[in-house]
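Fold and geometry: a report
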Amino acid sequence: MLSPGIEKNDLDDLLILLVLSGIEGIGPARIKALLQQAGSPSNVLALPKWKLEETRGIGAALAEKITSFFHSAETCRNAREKAEQMLESLDRSKISIITILDSLYPPLLKEIYDPPPYLFVKGDLSSAHGPGIAIVGTRQASAYGKKVTNLFCRELCSCGITIVSGLAYGIDMAAHTAALEYGGKTIAVLAGGVDNPYTDPTGKVWPKIIENGAMISEEWPGCAVTPEKFPKRNRLISGLSAGTLIVESNARGGSLITASYALDQNREVFAVPGPVFSKTSQGTNNLIEKGHAKLVSSAESVITEILPQHIITKPQKKFELHTQLLSKEEQQILHTLGDKPLHIDLLAEKTAIPASSLLIRLFELEIKNLVEQLPGQIFQAM
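On a predicted model such as this, the values are computed, not experimentally measured, just so you know.

For the rest of this paragraph, the subject is the overall build of the protein chain. In terms of regular secondary structure, the protein chain is built from 18 helices and twelve strands. If one aligns the C-alpha atoms of the protein chain with their principal axes, the spans along those axes are about 80 × 45 × 35 Å. Expressed as a percentage of the 382 residues in the protein chain, the buried residues total 51%. Considering only residue pairs separated by 6 or more positions, the protein chain has 68% of its internal contacts joining residues 24 or more positions apart. Here the protein chain carries 38 positive and 41 negative side-chain charges, and the mean point of each set is 2 Å from the other.

Structure, rendered in structure tokens:
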């Protein structure tokens, strides 16, 4: 399925980009340089060898390889047939392809040093044209980390900010889920093909993501997920976003790579501090201590940095806005609590919910940042 921005007469340019990316030694940064030198993919084919050598990052050896590749009829034919077969398979999987020449290509991503020459998309990527924040962190997310993620997403989504993350376990998944829960837009960037959201094989989250945003990847559908693809993926997460928020990370966490890319891309980096004895706070605390990230304890600090013109208003209680997203028991608990804190025994009496079940519901509401537990088993709605 071609992007709506790609016409039939652009097909040759698309195929050339696909073929170019398959030449060993040519990555996104070099393709970008070739396009700047030639003006279009088709013009790349017409560049003489000496002009290729002058192109940033190419040099004599790679110029010779490119020239030999396109002068070999068999090699070109095989590469083109492979690309055409892949394009034909996109319709069956409801996958679109957007190239860097397309008006639908995310504008912030186009600015980075090595933007992908094309993106495979499931869903609607138009939200990438508005303000976006990447929220990433450890796969071993704590209850604290999930609660913080939920809180930040609620306020960011209320300002129309798109949540970008990597669909990994832990903080990433919490960010996507919270964005959906609060009616926001979210973009999931995958390390493998968009036809294989391997962290959500049963489809609990990703179908909702493509209804309220998109899943994207620079990797061809059907490709294997390998370790070296995750750092590549991380540069896209930060590249799509005006800023990156690290919620929890250990001292060598993968989210620190995303933070590093964000700094290289001249984007804002934020970090939520955590307990000094927590392994999953070592990375975030170190970022703050070294001055590589701005300490934030509320979404307001992020919003005023990204959208300085935005006036921060206190959001209504979430159960007043999104009761349809809660179970009947959760709604009953919130309405029973009202504006006054209650002891769990009194709450159980008023709701007629068994204590064992009530504790589970209260914990779930705490994670959703709707209920807060006070000392002495007293609970209040937030």
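All chains considered together, the criterion is met by eleven salt bridges. Between Glu64 and Lys49 there is a salt bridge, and its shortest N-O distance comes to 2.4 Å. You can see Glu64 sitting in helix H5 (residues 59-71) and its partner Lys49 sitting in helix H4 (residues 49-54), a full 15 residues away along the chain. Glu84 serves as the salt-bridge partner of Arg80, at 3.0 Å between the closest nitrogen and oxygen. Of the two residues, Arg80 and Glu84 both sit in helix H6 (residues 73-93), four residues apart, roughly one turn of that helix. Among the charged side chains, a network of salt bridges with common partners joins Asp12, Arg80 and Glu84.

Taken together, three strands build an open sheet; the order of strands is S10-S12-S11 and the sheet is antiparallel. Only two strands of the sheet have a single neighbouring strand rather than two, namely strand S10 (342-343) and strand S11 (371-374). Sheet topology places S11 next to strand S12 (residues 378-381); four bridges connect them, and they run antiparallel. What sits directly across from Gln373, in S12, is Phe379. Running over the sheet, helix H18 (residues 355-367) touches S11 and S12 and is turned about 115° from S11.

Here the focus is the pairing of strand S8 (residues 268-271). Pairing between strand S7 (residues 243-246) and S8: four bridges, direction parallel. Residue Ile246 lies in a different strand from S8, and its bridge partner there is Ala271. One crossover worth recording links S7 to the parallel S8 by way of helix H12 (residues 255-264), and it is right-handed. Pairing analysis gives two bridges linking S8 to strand S9 (residues 294-295), with the strands arranged parallel. When the bridges of S9 are listed, Phe270 appears paired with Lys294. A crossover connection joins S8 to the parallel S9 through helix H13 (residues 282-289); in handedness this β-α-β unit is right-handed.

Before going further, it helps to spend a moment on the pairing of strand S2 (residues 118-123). Among the six residues of S2, five are classified as buried, and the element is accordingly described as predominantly covered. Bridge count between strand S1 (residues 96-99) and S2: four bridges; the pairing is antiparallel. The partner of Thr99 across the bridge, within S2, is Tyr118. Inspection of the sheet shows S2 paired to strand S6 (residues 213-217) by four bridges, in the antiparallel sense. When the sheet's bridge partners are listed, Gly123 is paired in S6 with Ala214.

Before going further, it helps to examine the environment of Asn196. Within the secondary structure layout, Asn196 lies in the loop between strand S5 (186-189) and helix H10 (206-211). As for Asn196 and Cys223, which are separated by 27 residues in sequence, their C-alpha atoms are 8.7 Å apart. Excluding anything up to four places from it in sequence, Asn196 contacts Leu190 and Val225.

This paragraph deals with the sheet that holds S2. Spatially, the nine strands line up as an open sheet ordered S1-S2-S6-S5-S4-S3-S7-S8-S9, and their pairing is mixed. Both edges of this open sheet fall to S1 and S9, since each of them pairs with a single strand only.

Counting residues in hydrophobic clusters, the biggest one holds 68 residues, and the most contacted among them are Leu18, Phe120, Leu125 and Ile216. Listed in part, the 26 residues of the second largest apolar core include Cys157, Cys159, Ala175 and Tyr182.

Looking at the element boundaries, Ser255 is found in helix H12. A polar atom in the side chain of Ser255 sits 3.3 Å from the side chain of Ser249.

What follows is about the confidence of the model for the protein chain. Of all residues in the protein chain, 92% attain a pLDDT of 70 or more, and the chain-wide mean is 88. This stretch, residues 1-10, has a pLDDT under 50; its non-local contacts, to residues over four places away or in other chains, come to 22 contacts. Note on residues 311-324: pLDDT is under 50 here. Beyond four places in sequence and across chains, it has 21 contacts.

What follows covers the packing of aromatic side chains. Across all of its chains, the model carries two aromatic pairs by this definition. Relative to Phe70, the ring of Phe69 has its centre 5.3 Å away and its plane inclined at 75°; by these criteria the two rings are edge-to-face. A residue is classified by how much of its surface remains accessible, and Phe69, at 15% relative accessible area, is buried. On the numbers, 5.6 Å between centres and 70° between planes, the contact of Tyr118 with Phe120 is edge-to-face. Judged on exposure class, the residue Tyr118 and its partner Phe120 are both buried. Geometry around Phe230 places Arg139 over its ring, the cationic atom sitting 5.8 Å from the centre.

Procedures and definitions
Residues numbered from 1 in each chain as written. Predicted model: local features only at pLDDT ≥ 70, side-chain atom pairs only at ≥ 80, totals over all residues. Heavy atoms only, no water. Helix = DSSP H or I, 4+ residues; strand = E, 2+ residues; numbered from the N terminus. Buried < 20%, exposed > 50% of the residue type's maximum accessible area, 1.4 Å probe, protein only. Contact = heavy atoms within 4.5 Å. Lys, Arg positive; Asp, Glu negative; His and termini not counted. Charge placed at Lys NZ, Arg CZ, Asp CG, Glu CD. Salt bridge = Lys/Arg side-chain N within 4 Å of Asp/Glu carboxyl O. Pairing = 2+ DSSP bridges. Axes fitted to C-alpha atoms, helices over the stretch in contact; angles between N-to-C directions. Right-handed = clockwise from strand over helix to strand, strands pointing away. Core = buried A, V, L, I, M, F, W, Y, C linked by side-chain atoms within 4.5 Å. Polar contact = N/O pair within 3.5 Å; in protein donor to acceptor, adjacent residues only side chain to side chain. pLDDT = per-residue confidence, 0-100. Phe/Tyr/Trp six-rings, centres within 6.5 Å; stacked < 30°, edge-to-face > 60°. Lys NZ or Arg CZ within 6 Å of the ring centre and 35° of its normal.

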